[in-house]
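Descriptive structure summary
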Amino acid sequence: MTATAEPEIGRARLRKEDARLITGQTTWTDNLQLTGMLHMAVLRSPIAHARITNIDVSRATSMPGVAVVLTGEDFAAEQGSLPCAWPITEDMKAPPAPALAVGQVNFAGEAVALVIADSAYRAADALEAIDIDYDELPVVLDMEEALQDNDLVHADLGTNKCATWIFDSAEAGAGTNVEDEIASAEVVIERTFKQQRLIPAFMEPRSVVVAPAAGMYTVWSATQIPHILRWMLSAVTGIAEHKLRVIAPDVGGGFGGKLQVTPEEVLCLLVARRMGRPVKWTESRTESMLSAHHGRDQIQKLTLAARRDGTVTGLKVELLADMGAYLRLVTPGVPILGAFMFNSIYKFAAYRFVCTNVFTNKVPTDAYRGAGRPEATFAIERMMDELAVELGMEPMKIRELNWIKHEEFPFNTVAGLTYDSGNYEAATARAMELFGYEELREEQARRRAAGSVVQLGIGISTYTEMCGLAPSRVLGALRYAAGGWETASIRMLPTGKVEVITGTSPHGQGHETVWSQIVADRLGVPFEDVEVLHGDTATSHKGMDSYGSRSLAVGGTALVHAAEKVLAKARTLAAHMMECDESDVEFAAGSFSVRGTSTVRTLGDVVLAAHVAHDLPEGMEPGMDADATFDPDNFSFPHGTHLCATEVDTETGMVRISRYVAVDDVGTVMNPLIVDGQVHGGLAQGIAQALYEEATHDEMGTLTTATFADYLVPSAADLPAFLTDRTTTPATSNPLGAKGVGEAGTIASTPAVVNSVLDAVRHLGVRDIEMPMSPERVWTALQGRPDEGAGEVAAGGLGSIDAQGGQS
Amino acid sequence: MIPAEFKYLFPSTVDEAVRMLAEEGEDAKVIAGGQSLVPVLRMRLAAPTALIDIGGLTELTGVRDDGDSLLIGAMTTHYEVQRDHLIHDHALLLKLVTDTVADPQIRHRGTFGGSLCHADPAGDLLAPALALDAVMIIAGPGGRREVPASEFFVDYFTTALAPDEILIDVRVPKFTGWGAHYEKLNRVAQAWSIVAVAAAVQVSGGAISAARVGLTNVGSGPLRAFEVEAALVGQPASAEVISEAALRASAGDGYKDNLARVLTGRALTAAVAG
Ligand SMILES: Cc1cc2nc3c(=O)[nH]c(=O)nc-3n(C[C@H](O)[C@H](O)[C@H](O)COP(=O)(O)OP(=O)(O)OC[C@H]3O[C@@H](n4cnc5c(N)ncnc54)[C@H](O)[C@@H]3O)c2cc1C
């Protein structure tokens, strides 16, 4: 009855990886126990900027179980500099980035010494016995002050300015000149927004194990990027790439936070080489917050030019982006990814984007879910609301007036991209209907008229974003060091079972399930007969890993191409076996048949014939395996309409989301359950930026949100029941029609929430409230008082703790 | 997240626990549910030389009826408090407060006594203990002594307990038939109160005959809002009376002062309603 079986594509299958993930049947990196394994603990600087004048390790070295205590001096000759793969401009300033500080520390949390001991406990104990003298230097925290260059993060660079990157539509030939549009505009809106610093807060802390064996090194790491890591570890340490095997076992979340080549990965490798024994390092949550890269942290100045009828004409974006103290893997490029998205779905005639990257004495920033695109979407959606307010227009009307109509695709944007497909009208109509937009507006009017304590706000975010990173030629043009292709292999086993090898590196997304669905669909084999292998450079020798919502659109396409190669060869062999002309062979539901006859060979028959190779057509190689690599021509562009209703308690400042509708167009959906999961999680993180999360520092540069008691990650209890739905306009850039869904929820939701809160209180004289919109900030704004900085965090339980060493 | 080394002791009677505390000296600590102490140990904010685990002292768990009052064993978990019939009937406020503490996992381990001894000003059980005139029954080398809540909470994370003493029971007078409510403002479910207000009121014949109001996380310890209570007693249980009385919860113009007033009004309104 296979003919009537439910199609695999679009089927809401439960994730096949979950059973082992949630019942303790997998081996996370920290669970690995190797014979003779040593444990590494990292002492971290409690000071944000200082010269190290002395390190005394004698006490620590003599403590029980301690094998050795190592400092930056010990590694000076071999640790190289941590890689930055994205030098965005020719003259970008890039300071050396040692894995272990040598002579100077530049952020609180930077690694300054290592204890290697026979247990994690003894290593942690010995950290406290290392004595370090610091000679403190002035701390640079504020980006605008940093640009004055009075105090320098890296004196050798002579400036705190890292680079300036510009896109100008007139120069690029993609539009008119923005200054002309501003000069001739009927309305000009200027606003400055702050994108606070966020911490990715993946569930599984980072962990690394390195085992040396006869000149070969096996590196296990809780990473998103085993393939890039292997390449970069080789480049940094000089260990030949073929002597390195990198394994990313099951990994518990990343959100971009594990798109990194970390100091600890390099150090574990160097220590394992030095000691000739396996070494493990696993971070604590606080250590993670103090040293794993952070995200966002921009100051965005926008100037929008428009006509009185609401037509937008020009957009100028001037960004300051905080790099932190060093450039990590893609640190400088993250804000640049946003450059193509500020214009969003609107038809601006002119656009100019200028981004200045700045060094400060803080944890380096880098990719965090959305990476550049949430910042852009936030800014433009806030500006569209500001324009609507200025003109007294309904905020959805002003969007409708300016967006690209569905019949205008493909559309060349003012930022130089070609949006292949989309239908903003359809997504919006569905969202408005689900939301009950008109009724909520009426309710809002009633509450305003009654002066209710709890006011109602409605926020809109009509967004698009770019996924499917990325066409290699575009990455090259942006000076990124690698390509953006992806690879897949299919191994047809003699029993007819299938092994799929992917170059993507899932860390919670559910690739094993979806990749199995794709193969089952294409080859007509049962879903259960497919096993997906990933994350081990010995089985999956090449790949560009997972980030940027690329895995399905790029890696899934490679898999489709590999399946096509299998079928093409199988068809030739089937024709040979059935003694017919290849053009008479039909393939359906996993079987080949000769048109108009009852002669049939299953794919399994053909695969076995290829395997035993007793009778193959002239010149055909035995076996039925296939490899494919796909390099996309274009990005893919998910879009959608998110509507958020918030209730704002004007007496306490508390914000509660009362309704949230997300209608996303992510192209053709492989598995709606997984798509919903990605949307829900994405919404949680975007809402968290709007309302809850913020990494803050005291004036000494100490992170004051180094625990989950201070850094507020919301849980299901804090979030509404999301109403989600989809419209579907398939992507034209890949045969699956898939656009990507990993980041959409995060990108879209932040401005929907913020616009909603402001909509609730604007009539009370509030013009803006910084994120996160804590109850104290909202209340303060309602009092007409200036924002004094960070919102109130109840100092319960732990209070804030200082940036102290490693395991403590 | 690895604590410094410590000695672990597991007494089976209160007397043994007290003796161990004395023997181990100033740097020994009692561990109850561990929900506040373990994080502190793991972050090495404290490094006691010995932990005396009172989890085996079954005599310290459960709620007993003691005539005019209830005796709540220090080791009674939040979960048990939430479900105890005596507490529900005679000290409803404690149940309602405990419902808001942390999450189910933590409520299964964390204890009523541990919360009071930890004395986190943002901890939820301090203000109701103060408002309900709870009395701490303490065991030490010199025998037993009783300390009223008003003298027990000294400062941030500081109580009247000496290092060699253990809280064994908490005596709470019966408030049978009183209306109660806990109005808590926190940012996410697992976060502590920014400010919260515990209120219990006795209404007879439409008038307020008695009232208790305690404030969480407004000062360095719990505060009793005596002026609010005084403004209520003998007055009709009306919205006007409540909003006027609530203004006396705090005089300042800061955010927390505002919350103290607003949440007091809301807590009282709800307490009066049921
Ligand atoms: C994530 C999280 C969220 C939380 N949220 C809240 C919240 O919203 N509201 C809230 O009120 N609490 C909250 N708590 C704290 C929780 O209620 C704890 O249970 C409580 O603070 C301490 O109780 P415990 O039994 O775990 O004490 P422990 O952690 O074992 O001990 C705490 C302190 O009290 C001392 N101590 C304990 N018992 C005795 C005794 N009988 N005699 C003498 N000294 C003693 C210990 O020596 C220690 O110093 C939260 C905790 C966590 C981990």
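Residues numbered from 1 in each chain as written. Chains lettered and ligands numbered in written order. Predicted model: local features only at pLDDT ≥ 70, side-chain atom pairs only at ≥ 80, totals over all residues. Heavy atoms only, no water.

- Looking up chain B in an unreviewed UniProt entry gives the name Carbon-monoxide dehydrogenase medium subunit, with the organism given as Lentzea waywayandensis.

- The name an unreviewed UniProt entry gives chain A is Carbon-monoxide dehydrogenase large subunit, with Lentzea waywayandensis as the organism.
- Its UniProt record gives chain A the following Cofactor (unreviewed entry) comment, quoted word for word: "Mo-molybdopterin cytosine dinucleotide". (UniProt positions renumbered as here; feature names shortened; annotations may be inferred.)

A closer look at the UniProt feature "domain: Aldehyde oxidase/xanthine dehydrogenase a/b hammerhead" (unreviewed entry) in chain A
- Annotation from UniProt places "domain: Aldehyde oxidase/xanthine dehydrogenase a/b hammerhead" (unreviewed entry) at residues 23-138 of chain A.
- The annotated region residues 23-138 of chain A carries 14% helix and 30% strand content, and the separation between its end C-alpha atoms amounts to 50 Å. (Helix = DSSP H or I, 4+ residues; strand = E, 2+ residues; numbered from the N terminus.)

Digging into the interface of chain B and chain A
- Taken together, the contacts link 35 residues of chain B with 40 residues of chain A.
- Taken together, both faces of the contact between chain B and chain A bury some 2,900 Å²; the carbon and sulfur share is 61%.
- Ranking the residues of chain B by area buried against chain A places Arg 44, Arg 187 and Tyr 255 of chain B at the top, with a combined share of 28%.
- One can count 5 salt bridges joining chain B with chain A.
- The shortest N-O distance in the salt bridge between Arg 266 of chain B and Glu 651 of chain A comes to 2.8 Å.
- Along the contact surface separating chain B from chain A lie 11 residue pairs in polar contact (both at pLDDT 80 or more).
- No other element matches the 7 residues that helix 12 (residues 255-273) of chain B contributes to the side of chain B that touches chain A.
- Its residues placed into classes, the side of chain B that touches chain A shows 20 nonpolar, 7 polar and 8 charged. (Contact = heavy atoms within 4.5 Å. Buried area = accessible area lost by both parts, 1.4 Å probe. Salt bridge = Lys/Arg side-chain N within 4 Å of Asp/Glu carboxyl O. Polar contact = N/O pair within 3.5 Å; in protein donor to acceptor, adjacent residues only side chain to side chain. Nonpolar A, V, L, I, M, F, W, Y, C, P; charged D, E, K, R; others polar.)

Here we look at the confidence of the model for chain B
- Summarising the model, chain B shows a mean pLDDT of 97, and 100% of its residues fall at 70 or more.
- Predicted complex, confidence summary: ipTM 0.96, pTM 0.96. (pLDDT = per-residue confidence, 0-100.)

Describing the sheet that holds strand 20 (residues 498-502) of chain A
Residue and element names in this part refer to chain A.
- Spatially, 21-20-19-25 is the arrangement adopted by the 4 strands of the open sheet, whose pairing is mixed. Lying at the two open borders of the sheet, with one neighbouring strand each, are strand 21 (530-533) and strand 25 (626-630). Sheet twist, expressed as the average angle between the axes of neighbouring strands with direction ignored, equals 20°.
- Judged from the 5 bridges that link them, strand 19 (residues 486-492) and strand 20 form a sheet pairing that is antiparallel. Residue Ser 489 lies in a different strand from strand 20, and its bridge partner there is Ile 501.
- Running over the sheet, helix 17 (residues 511-523) touches strand 19, strand 20 and strand 21 and is turned about 135° from strand 21. (Pairing = 2+ DSSP bridges. Axes fitted to C-alpha atoms, helices over the stretch in contact; angles between N-to-C directions.)

Quick notes on the site of the ligand
All names here are of chain B.
- The immediate surroundings of the ligand are formed by 29 residues, with Val 30, Gly 34, Ser 36, Leu 37 and Thr 111 found nearest.
- Within the contact set of the ligand, an oxygen atom lies 2.7 Å away from a backbone nitrogen or oxygen of Gln 35.
- The separation between an oxygen atom of the ligand and a polar side-chain atom of Ser 36 is 2.7 Å.
- Considering the ligand on its own, with 970 Å² of exposed area, one finds that the protein chains cover 91% of that surface.
- Listed by contribution, the elements that provide at least two residues to the shell around the ligand are strand 2 (28-31), helix 7 (112-118) and strand 10 (166-173).
- When residues in the shell around the ligand are grouped by element, the largest group, 4 residues, is from helix 7.
- Considered class by class, the residues forming the shell around the ligand number 14 nonpolar, 12 polar and 3 charged. (Near = heavy atom within 4 Å. Areas by Shrake-Rupley, 256 points an atom, 1.4 Å probe, with all protein chains shown as cover.)

Here we look at the sheet that holds strand 10 of chain B
All names here are of chain B.
- Here we have 5 strands laid out as an open sheet, ordered 4-5-10-6-7, and antiparallel in their pairing. Each having just a single partner strand, strand 4 (63-66) and strand 7 (143-148) make up the two edges of the open sheet. The average undirected angle you get between the axes of adjacent strands in this sheet is 25°.
- Here strand 4 pairs with strand 5 (residues 69-73) via 4 bridges, running antiparallel. Looking across to strand 5, one finds that Arg 64 is bridged to Leu 71.

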